[in-house]
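Examination of the molecular architecture
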Amino acid sequence: MFTNFNEAERAIRFPQDRRMFIGIKPFALIIVFILLLATIGLAWFQYLVFGLPRDPSLSLPETTQADPKGFPLWLSLSHWVNFFFLILIIRSGLSILADHARLYWNNGCSPNSEWLRFTPIKVPDDRVWTAKEDARYLNPIVGLPGYRHSIGLARHWHFITVPFFLLNGIVFTALLFFTNQWKRLVPMSWQVLPDSWNVFVHYATFHMPIEPNGFYHYNALQQISYFAVVFLLAPVAMLSGMAMSPAIENRLHWFPKLFGNRQGARSIHFLVMLSFVAFIIIHVAMIAATGLTRNMNHITIGTDNPVSHMGIYIGLGIILLTIAFGFLAHWISWQRPRSLQHTDAAINGTLWSMSINKFKPKDYYKRKDISPYFWVNGKMPDSEEWRDLAANKFKDYKLQVGGLVENPVELSLEDLKQMGLEQNITMHQCIQGWSGIAEWGGLPIKNLVELVKPHPSVTTVVFYSFGEGMYGGTYYDTHSLDNCLKPESILAWEMNYQPLSETHGAPLRLRVENQLGYKMVKWISRIEFLETHKHAGKGYGGKNEDDEYFDLLADT
Ligand SMILES: Nc1nc2c(c(=O)[nH]1)N[C@H]1C(S)=C(S)[C@@H](COP(=O)(O)O)O[C@H]1N2
Ligand SMILES: [Mo]
């Protein structure tokens, strides 16, 4: 009903192997173990040896006129709007993760170095194993849109939602501080820390502490949890998300370092998601355990009524609406995918083109940073033409350069090498989530542009491959002429000071360092200068943009 996969799509989206698997490194398990068992164990130790600490809620100060009383409408609204968007963000995020279901702390993403993986597959070392083959299936009830390799659509849901989530958060925070509602969330003394611990000891040893009426104030642990969700988790989610952008990585190198490195940011982004999920589960459980009816009236209609079921009905209604929207989102994903692509381009494409896309990449990395492993992606060309060229070490290769240029040319590898060499050590970032640092050597595209002299109307450069896309048809991608003229935009014939290998794109591949990996066409056969990307392929800017709804602009 919601999907209309043809046979080729079914094979990719709905593969034979749909096993779910969780592989966690012992050190990560030990940390989880320590965090969980040690804190609960400590609470029990305190209880058994020293007895139950005094319940800090016993000494909550009297409510004064200055304290918040009840929940205004804006607070209820932003709470539920936040819930709605958070569900979309988590579900689409899981779908994105499934496309490379491995998490690391190192930039090179060597197989077996992941601390957590959601795939039973060990990367084989006796044959090429591409990152696309490595993508996992995710049940569409969990993922948005789920299935396998639906990252293009998942990213649209993620990125279209984020600005609204952020806006809601900003309005919420602003109103908190314009009113006295901030007093609910912001602890005013360090005493909140020992108090929270004491409340925790109560919970951990199955002693329900006194429940202050949440209409007026929260207990210490509750306050500190809500404070952390709003003022810690949400900002860290934002920052770690931005730290995964290639345009930012290759310009503001210090930024991903806030999280150790780019993969650290990705791992933390995931851990923040887990924290949100854990919070939702505990939050809902506590709401239910401490007077569901009254609590729901607080947060939905803003009254302190302990008997009316209005709040529960409205809350349930909002949850049902969120579920219903999940079905609609699936329908949109598979029946109207272009509308998602257009909407995301209108919001984020516009935003990024005005901001981080203007950054000029810098090469920060040194030889010692080069990754010992570099994932391979894409389908090797299997045309006779390319195989004949490869058999002869590409001696007969001629790069064709044409389109709207004064001086169309055909250049051999030797000709290209005569025109200049630039070597950069940069980080490659695949849309799927893995990264790798390598040295790339080749011709600055600028030099080629000077030779062929594009017409003034040219805005776009198209790079065609000898290889095919996942669903067949020539692989190609486009870049703005502007990005092609940036530092480190090169046609590379060298990787890590060696001739480019066949798997990594011989004889020639593209590097445009402020963009994601799928824009870096391998096995280049031909370059064309055009007025607009609309004149190539199906007109969306590349093979992945045409067939998988990827973004035209890949700064994030
Ligand atoms: N011709 C062609 N080029 C391609 C691809 C492809 O499938 N076909 N995959 C792209 C993707 S998604 C990535 S991440 C990089 C991977 O480059 P690597 O194999 O050298 O790591 O190549 C890009 N170039
Ligand atoms: Mo990629």
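1. A word on the sheet that holds strand β2 (residues 102-103)
- The 3 strands are arranged β1-β3-β2 in an open sheet whose pairing can be described as antiparallel. Of all strands in the sheet, those bounded by a partner on one side alone are β1 (23-24) and β2.
- Pairing geometry for β1 and strand β3 (residues 116-117), over 2 bridges, is antiparallel. Each residue of the ladder has a partner; that of Ile24, found in β3, is Leu116.

2. Notes on the layout of surface pockets
- Put simply, the second largest pocket is a space of about 1000 Å³.
- His158, Phe159, Gly241, Met244 and His269 are, among the 40 residues lining the second largest pocket, the residues nearest its centre.
- Looking at the lining of the second largest pocket, the elements with two or more residues in it are α3 (73-98), α4 (151-178), α7 (220-242), α10 (262-289) and α13 (337-354).
- Per-class residue counts for the lining of the second largest pocket are 28 nonpolar, 9 polar and 3 charged.
- Two domains share the lining of the second largest pocket, each providing at least three of its residues, namely domain 1 (7-100 + 135-356) and domain 2 (362-547).

3. Brief notes about the domain arrangement of the chain
- Domain boundaries in the chain define domain 1 (7-100 + 135-356) and domain 2 (362-547).
- Placing the centre of domain 1 and that of domain 2 at their C-alpha centroids yields a distance of 40 Å.
- On the domain 2 side, the residues contacting the 26 residues of domain 1 number 21 residues.
- For the pair domain 1 and domain 2, the summed buried area comes to about 2200 Å², and 52% of that belongs to carbon and sulfur atoms.
- The largest share of the area that domain 1 buries against domain 2 comes from His100, Asn250 and Arg338, three residues that together contribute 27% of it.
- In this structure, the connection of domain 1 to domain 2 is made through 0 salt bridges.

4. Some points on the site of ligand 1
- Taken together, 20 residues lie near ligand 1, and Trp375, His504, Arg509, Met520 and Lys522 sit nearest.
- A distance of 2.9 Å separates an oxygen atom of ligand 1 from a polar backbone atom of Asn377.
- In the model, a nitrogen atom of ligand 1 is placed 2.9 Å from a nitrogen or oxygen of the Ser465 side chain.
- Summarising the interface, the protein chains cover 99% of the accessible area of ligand 1, which totals 530 Å² for the free molecule.
- Partitioning the shell around ligand 1 into residue classes produces 10 nonpolar, 6 polar and 4 charged.

5. A short note on helix α11 (residues 292-301)
- Among the 10 residues of α11, 7 are classified as buried, and the element is accordingly described as predominantly covered.
- Listed as buried for α11 are Thr293, Asn295, Met296, Asn297, His298, Ile299 and Thr300.
- Structurally, α11 contributes buried residues whose contacts are with α3, α10 and α12 (310-335).
- Looking one or two places after α11, you find Gly302, whose phi comes out positive at around 75°.

6. Details of the sheet that holds strand β6 (residues 399-403)
- Here 5 strands make up an open sheet; going across it, the order is β7-β6-β15-β10-β11 and the pairing mixed. Either end of the sheet is taken by a strand with one partner, and the two such strands are β7 (409-411) and β11 (474-480). This sheet shows a mean twist of 20° between the axes of neighbouring strands, independent of strand direction.
- As defined by bridge partners, strand β10 (residues 460-468) adjoins strand β15 (residues 524-530) across 6 bridges and the pair is classed as antiparallel. Among the inter-strand pairings, Ser465 is bridged to a residue of β15, identified as Ile524.
- Where helix α16 (residues 445-452) meets the sheet, it contacts β6, β7, β10 and β15, and its direction lies at approximately 140° from that of β7.

Conventions used here
Residues numbered from 1 in each chain as written. Chains lettered and ligands numbered in written order. Predicted model: local features only at pLDDT ≥ 70, side-chain atom pairs only at ≥ 80, totals over all residues. Heavy atoms only, no water. Pairing = 2+ DSSP bridges. Helix = DSSP H or I, 4+ residues; strand = E, 2+ residues; numbered from the N terminus. 1 Å grid on protein atoms, 1.4 Å probe; cavity = no way out; pocket = protein on both sides within 12 Å on 5 of 7 lines; lining within 4 Å. Points joined across faces, edges and corners; volume = space filled by probe spheres on them. Nonpolar A, V, L, I, M, F, W, Y, C, P; charged D, E, K, R; others polar. Domains from an automatic or database assignment. Contact = heavy atoms within 4.5 Å. Buried area = accessible area lost by both parts, 1.4 Å probe. Salt bridge = Lys/Arg side-chain N within 4 Å of Asp/Glu carboxyl O. Near = heavy atom within 4 Å. Polar contact = N/O pair within 3.5 Å; in protein donor to acceptor, adjacent residues only side chain to side chain. Areas by Shrake-Rupley, 256 points an atom, 1.4 Å probe, with all protein chains shown as cover. Buried < 20%, exposed > 50% of the residue type's maximum accessible area, 1.4 Å probe, protein only. Axes fitted to C-alpha atoms, helices over the stretch in contact; angles between N-to-C directions.

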